Amino acid sequence: MGLLLMLIKTNLLIIKGERGEDDGLIPETVSFDINPFVSQFFNAKVNGTDSNAQSLAFMLKSDDVFKDILKWEKITYGYEKSAAKYGDTNEQAILDVMNEMKDYIDAIEMELQRSGAIPK
């Protein structure tokens, strides 16, 4: 799980999908793509047919890992959205909340790397 998080955080693996009303990705629309810059160096062979790696979308094998990645992504997306909106503020209360959110995300990432699952 730690490697998967690292690939996503560094944009080597990109999560694509439509967002629902709660800003979470809609599971049925989600795919994982290799970064276009990286994928230009690779081809893939699928059932004996060569394909450009940029044209491939990947799905996770494990439903549990998929659900955990979507939970983590939703929390991270919410933080990034808030940081973009309030990043220039000098209001200490907002800065404190943003720091708490960042600490919470860091704790979730550590838990995912350690156990491979977000506690329910």
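This text goes with the structure placed above it.
So, a few notes on the structure that sits alongside this text. As the structure is a prediction and not an experimental result, all values here were calculated from the model.

1. A few points about helix H3 (residues 63-86)
The first and last C-alpha atoms of H3 sit 34 Å apart over 24 residues, in line with the 34 Å expected at 1.5 Å per residue. Within the sequence span of H3, burial applies to Phe66, Asp68, Ile69, Leu70, Trp72, Glu73, Thr76, Tyr79 and Ser82. N-cap assignment for H3: the residue whose side-chain oxygen lies 3.3 Å from the backbone N of Asp64 is Ser62.

2. Overview of the packing of helix H1 (residues 2-9) against H3
Taken N-terminus to C-terminus, the directions of H1 and H3 make an angle of 40 degrees; their axes are 12 Å apart at the nearest point. As far as their axial angle goes, H3 and H1 are oblique. Our pair here, H1 against H3, has a crossing hand that is right-handed. Contacts from Leu4, Leu5, Ile8 and Lys9 of H1 reach H3 at Val65, Ile69 and Trp72.

3. Digging into H1
Among all positions in H1, only Leu4, Leu5 and Ile8 are buried. Viewed end-on, H1 has its buried residues packed into an arc of 100 degrees, placing them on one side of the element. A positive backbone phi angle near 65 degrees is found at Asn11, which sits one or two residues after H1.

4. Some details on the pattern of salt bridges
Using the criterion set out here, one finds six salt bridges in the structure. With a closest N to O distance of 2.6 Å, Lys81 and Asp23 form a salt bridge. Placement of the pair is Lys81 in helix H3 and Asp23 in the loop between strand S1 (13-16) and strand S2 (31-34), with a sequence separation of 58 residues.

What counts, and at which threshold
- Residues numbered from 1 in each chain as written.
- Predicted model: local features only at pLDDT ≥ 70, side-chain atom pairs only at ≥ 80, totals over all residues.
- Heavy atoms only, no water.
- Helix = DSSP H or I, 4+ residues; strand = E, 2+ residues; numbered from the N terminus.
- Expected span 1.5 Å × (residues − 1).
- Buried < 20%, exposed > 50% of the residue type's maximum accessible area, 1.4 Å probe, protein only.
- Polar contact = N/O pair within 3.5 Å; in protein donor to acceptor, adjacent residues only side chain to side chain.
- Axes fitted to C-alpha atoms, helices over the stretch in contact; angles between N-to-C directions.
- Parallel < 35°, antiparallel > 145°, perpendicular 65-115°, else oblique.
- Left-handed = near helix turned anticlockwise from the far one by under 90°.
- Contact = heavy atoms within 4.5 Å.
- Arc of directions from axis to C-beta.
- Salt bridge = Lys/Arg side-chain N within 4 Å of Asp/Glu carboxyl O.

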